[in-house]
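Now for the letters of each chain:
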Amino acid sequence: MIERIESFRRRRPRLLDDHITLAHGAGGKASAALVDAVFLDAFRNPLLESLGDGAVLTLPGGERIAMSTDSFVVQPRRFPGGSIGTLAVHGTCNDLAMAGAVPSWISAAFVLEEGFPIAELREIVADMAAAAADAGVQIVTGDTKVVPNGAADGVFITTTGTGVIPADRTLKAGAVRAGDRVLLSGSMGDHGMAVLLARGDLAIEADIASDTASLSPLVELLMAAAPSTRWLRDATRGGVGTVCNELAQSCGLGVVLDEERLPVRPMVNGACELLGIDPLYVANEGKFVAVVAAAEAEAGLAALRSHPLGSDAADVGEIVTEPRESVLLRTGFGGTRIVDMLVGDPLPRIC
């Protein structure tokens with residue numbers, strides 16, 4: 001088995017395309033190849049090379065802050081449970097929280113298409129204001145550009161955030177050890193399925209709402225209960241499967257997930273089955289994967305479950321020595337299968 005899996009050993013994929021495709025924005029192999037071959041190659045520096053969702057910066061006085069930036073192009077712009085406005089705030093706040101920071105300030109830039117309704121813009125901005133107030137952050141600066149009709153898709157939003165990292169907190173893949181436990185803060189796939197069904201292209205009706213939310217309060221509860229937490233990542237584009245592959249590649253160890261422990265709401269699971277999509281690869285906007293020391297896993301899980309955002313949290317797997325840089329899934333039938341990084345783009349424009 002190990003020898004067979006070694007042949008699938010993860011390596012950063014090469015960029016073989018001559019033009020951008022939708023797959024380059026899906027968070028899987030094509031995205032990794034684009035980042036590695038174009039952006040990392042051009043901008044290479046030690047801070048960027050960690051390839052996290054945010055950078056950890058040390059100020060002259062020794063204090064550390066996290067900085068993250070993200071763009072939002074979701075279609076439709078409003079969906080059950082949220083909108084492009086709520087995503088723009090929550091997404092950046094969550095990237096900061098995954099770096100261990102307490103989100104504090106956000107900048108927001110808008111690219112508006114000529115003819116976009118002012119009334120809808122007011123609604124989006126109101127959603128952002130409400131999400132920022134709920135997350136305890138301030139939107140402190142920004143920019144607005146207008147492009148001709150047909151040159152965009154209504155509105156695109158880019159947000160950049162900063163937050164302070166507590167002095168005693170360090171989260172990094174290099175701290176992960178064999179024997180550590182993998183916690184998932186809640187059910188998989190809610191956001192991706194909510195957005196897909198909201199498009200109305202499919203004859204499927206299901207009561208599925210996006211899980212978009214600010215995860216900072218949940219992270220603080222986890223850190224208080226499990227102070228030796230090694231690593232965090234919110235499972236957005238590419239879902240839990242892709243995030244675990246990124247972890248395995250970064251730490252040089254393996255991840256083994258237990259299929260029967262992975263939480264998926266029945267409606268989401270049913271929709272995925274109808275569409276032939278694995279919930280492991282469906283995006284979330286209010287869930288994260290955490291690697292914690294085995295001795296603190298029980299306390300950490302209890303802390304997550306004590307908060308409404310973490311009521312479905314589960315201990316879903318473990319870190320292993322072999323097979324290195326790989327993700328395996330223990331199936332309900334007693335076997336195992338390889339969980340590869342996402343290939344292609346099954347759910348375009350979900351954030």
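Residues numbered from 1 in each chain as written. Predicted model: local features only at pLDDT ≥ 70, side-chain atom pairs only at ≥ 80, totals over all residues. Heavy atoms only, no water.

**Examining the pattern of salt bridges**
Two side chains bearing opposite charge may form a pair once their charged atoms approach each other closely.
Item 1. If you walk through the whole model with that rule in mind, you get 19 salt bridges.
Item 2. As a salt-bridge pair, E120 and R77 come within 2.7 Å of each other at their nearest N and O atoms. Here R77 lies in the loop between strand 2 (64–72) and strand 3 (78–79) and E120 lies in helix 4 (residues 118–135), a separation of 43 residues in the sequence.
Item 3. On the basis of relative accessible area, R77 is assigned to the buried category, the value being 18%.
Item 4. Among the ionic pairs, E318 bridges to R330, the shortest N-O distance being 2.6 Å. Of this pair, E318 sits in strand 12 (residues 314–320) while R330 sits in strand 13 (residues 327–330), placing them twelve residues apart in sequence.
Item 5. Residue R330 is classed as partly exposed on the basis of its relative accessible area of 35%.
Item 6. Three or more residues joined by partner-sharing salt bridges are found here, namely R181, D258, R261, D315, E318 and R330. (Salt bridge = Lys/Arg side-chain N within 4 Å of Asp/Glu carboxyl O. Helix = DSSP H or I, 4+ residues; strand = E, 2+ residues; numbered from the N terminus. Buried < 20%, exposed > 50% of the residue type's maximum accessible area, 1.4 Å probe, protein only.)

**Considering unusual backbone geometry**
Item 1. For the peptide bond that leads from Q75 to P76, omega is 5 degrees, which places it in the cis range.
Item 2. Summarising the element assignment, P76 is placed in the loop between strand 2 and strand 3.
Item 3. Cis geometry marks the peptide bond from E322 to P323; its omega dihedral reads 0 degrees.

**Points about the UniProt feature "domain: PurM-like N-terminal" (unreviewed entry) in the protein chain**
Item 1. Those places that UniProt annotates as "domain: PurM-like N-terminal" (unreviewed entry) correspond, in this numbering, to residues 53–165.
Item 2. In this annotation, residues 53–165 is assigned 29% helix and 44% strand; the end-to-end C-alpha distance for the span is 15 Å. (UniProt positions renumbered as here; feature names shortened; annotations may be inferred.)

**As for helix 5 (residues 190–198)**
Item 1. Burial of helix 5 is extensive: eight of the nine residues sit out of reach of the surface.
Item 2. Buried within helix 5 we find D190, H191, G192, M193, A194, V195, L196 and L197.

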